[in-house]
Amino acid sequence: DARVTQTPRHKVTEMGQEVTMRCQPILGHNTVFWYRQTMMQGLELLAYFRNRAPLDDSGMPKDRFSAEMPDATLATLKIQPSEPRDSAVYFCASGLVGGTFYTFGSGTRLTVV
Amino acid sequence: QQQVKQSPQSLIVQKGGISIINCAYENTAFDYFPWYQQFPGKGPALLIAIRPDVSEKKEGRFTISFNKSAKQFSLHIMDSQPGDSATYFCAASLNLDMRFGAGTRLTVKP
């Protein structure tokens, strides 16, 4: 059963600290998405990659957020420095160009205190 | 700019009743309309989807109705069960560029 794996599942950190979230997309999928989910904003698209190249990161606060795909099996989302307003659940999803839908991971619940 | 509008925000239905969630989209280029179901602590999972060349798709108790001229589509859950209690997201997509609605929290009371 192919799945998108996200780590860690939960993260509590102090304001100002660096946070790194990791995602292992489904093997063979060439498109990776990062979403943030909050009660107020719902699902927000932060960034997405195709064949490891960033296609759209317009939803991401550039001053503190960065997203990368160092290789086809790993995507990272980094927040530095973290702020309480970054508290949310961050989802990674992967899909295949030519396909119609993508698969979400179980998310990383981030709490910044 | 919100490209997919979803309503209602929350919905309470009695067991055995029909749950109806509505969505409207703006961009006529969208060519795929999925519904995702999300349980607490989990990521959204694909539930059912439709292409704009059909007006209805049914899978078990779940049915999508699609009105291309009105740019609207809806999810109907027949014989709603407590296990259907979850958040439902509609979406509209073109080449995996997917725009989500704000979500509907469905509660099915036993």
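Above this text is the structure in question.
Residues numbered from 1 in each chain as written. Chains lettered and ligands numbered in written order. Predicted model: local features only at pLDDT ≥ 70, side-chain atom pairs only at ≥ 80, totals over all residues. Heavy atoms only, no water.

Chemist: It is not clear to me how the overall build of chain A should be interpreted in this structure. Could you clarify?
Modeler: The helix and strand tally for chain A stands at zero helices and eleven strands. Going from N to C terminus, chain A has its helices and strands arranged as β-β-β-β-β-β-β-β-β-β-β. Rg of the C-alpha trace for chain A: 13 Å, near the compact-globule value of 13 Å for 113 residues, within the 12% margin. Here the C-alpha coordinates of chain A stretch approximately 40 × 30 × 25 Å along the principal axes. When each of the 113 residues of chain A is scored for burial, the buried share is 42%. (Helix = DSSP H or I, 4+ residues; strand = E, 2+ residues; numbered from the N terminus. Rg over C-alpha atoms; globule rule 2.2 N^0.38 Å. Buried < 20%, exposed > 50% of the residue type's maximum accessible area, 1.4 Å probe, protein only.)

Chemist: It is not clear to me how the environment of Arg51(B) should be interpreted in this structure. Could you clarify?
Modeler: Looking at where Arg51(B) falls in the secondary structure, it is placed in the loop between strand S5 (45-50) and strand S6 (56-59). If we ignore the near neighbours within four places in the chain, the residues touching Arg51(B) are Thr100(A), Asp31(B) and Tyr32(B). A polar contact is formed between the side chain of Arg51(B) and the backbone oxygen of Asp31(B), at a distance of 3.0 Å. (Contact = heavy atoms within 4.5 Å. Polar contact = N/O pair within 3.5 Å; in protein donor to acceptor, adjacent residues only side chain to side chain.)

Chemist: How do you make sense of the packing of aromatic side chains when you look at a structure like this?
Modeler: For any two aromatic rings, the description comes down to two numbers: the centre-to-centre distance and the angle of the planes. This structure, assessed with the given rule, holds 20 aromatic pairs over all chains. Ring plane angle 70° and centroid distance 5.7 Å describe the contact between Trp35(B) and Phe73(B), whose orientation is recorded as edge-to-face. Taken together, the residues Trp35(B) in strand S4 (residues 33-38) and Phe73(B) in strand S8 (residues 72-77) connect sequence positions 38 residues apart. Neither Trp35(B) nor Phe73(B) differs from the other in exposure class; each is buried. Taken together, the ring pairs connect Phe33(A), Tyr35(A), Tyr48(A), Phe91(A), Tyr102(A), Phe104(A), Tyr36(B), Phe89(B) and Phe100(B) into an aromatic cluster. (Phe/Tyr/Trp six-rings, centres within 6.5 Å; stacked < 30°, edge-to-face > 60°.)

So far we have only geometry, and geometry alone does not tell us how the molecule works.
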